[in-house]
Amino acid sequence: MVDTTPLTRAVDHFADRLRAAPQSRLQRGAAAEALGLARELARRAQVLEAPEAEPRVMPDAGMFAAADQITVAAHDLAVVIPSDADVDEAVRLVEEAQKRAGV
């Protein structure tokens, strides 16, 4: 079984930082960065679950939903992620997105 704890910890940390960020920081790009990450994590989960289907794009639910969107997408991915290497790659994506978001 794959240990997805590093992924959920990284995402929970990013989500907490987003929730604590001022609206101005979210507007300056942090929320958009989080949405991009959520969409990528959701795409990866969908490809693993149904490789024959066209992945659906996670909708933009607004800047105040960005933290919840990355959390949901990461937890969906954690259920189907196949290897520790894939977990490491997902953690890297989360950490890079958090740096770009500036939170």
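Structural data are supplied above this passage.
Residues numbered from 1 in each chain as written. Predicted model: local features only at pLDDT ≥ 70, side-chain atom pairs only at ≥ 80, totals over all residues. Heavy atoms only, no water.

Notes on the pattern of salt bridges
Taken as a whole, this structure holds eight salt bridges when the rule is applied. Salt-bridge contacts for R92 lead to E96; the nearest nitrogen and oxygen are separated by 2.6 Å. Taken as a pair, R92 and E96 lie in helix α4 (residues 84-101) at a separation of four residues, close to a single helical turn. The exposure class of E96 is partly exposed, given its relative accessible area of 32%. Salt bridges here are not isolated pairs; linked through shared partners, they connect E40, R43, R44, E89, R92 and E96. (Salt bridge = Lys/Arg side-chain N within 4 Å of Asp/Glu carboxyl O. Helix = DSSP H or I, 4+ residues; strand = E, 2+ residues; numbered from the N terminus. Buried < 20%, exposed > 50% of the residue type's maximum accessible area, 1.4 Å probe, protein only.)

Details of the environment of A66
Examined against the element boundaries, A66 turns out to sit in helix α3 (residues 66-80). For A66, a relative accessible area of 2% translates into the label buried. Sequence-distant contacts of A66, defined by excluding residues within four places in its chain, comprise L18, A31 and A34. (Contact = heavy atoms within 4.5 Å.)

Regarding a negative patch on the surface
A cluster of acidic side chains, namely D3, D84, D86 and D88, defines a negative patch on the protein surface. The topology assignment puts D88 in helix α4. Note on D88: relative accessible area 52%, which makes it exposed. (Patch = residues over 30% accessible without salt bridge, like charges linked within 9 Å, V, L, I, M, F, W, Y side chains within 5 Å. Areas by Shrake-Rupley, 256 points an atom, 1.4 Å probe, with all protein chains shown as cover. Lys, Arg positive; Asp, Glu negative; His and termini not counted. Charge placed at Lys NZ, Arg CZ, Asp CG, Glu CD.)

Side note on α4
Between its terminal C-alpha atoms α4 stretches 26 Å, which fits the 26 Å expected from 18 residues at 1.5 Å a residue. Where α4 is concerned, the buried positions are V87, A90, V91, L93, V94, A97, Q98 and A101. Buried residues of α4 fall within an arc of 155° about the axis and therefore sit on the same side. When the buried face of α4 is taken as reference, the exposed residues oriented beyond 90 degrees from it are A85, D88, K99 and R100. On its buried face, α4 is in contact with α1 (5-20), α2 (23-49) and α3. Within two residues after α4, G102 carries a phi angle of roughly 70°, on the positive side. (Expected span 1.5 Å × (residues − 1). Arc of directions from axis to C-beta.)

None of the figures reported here should be taken as evidence of function without further support.
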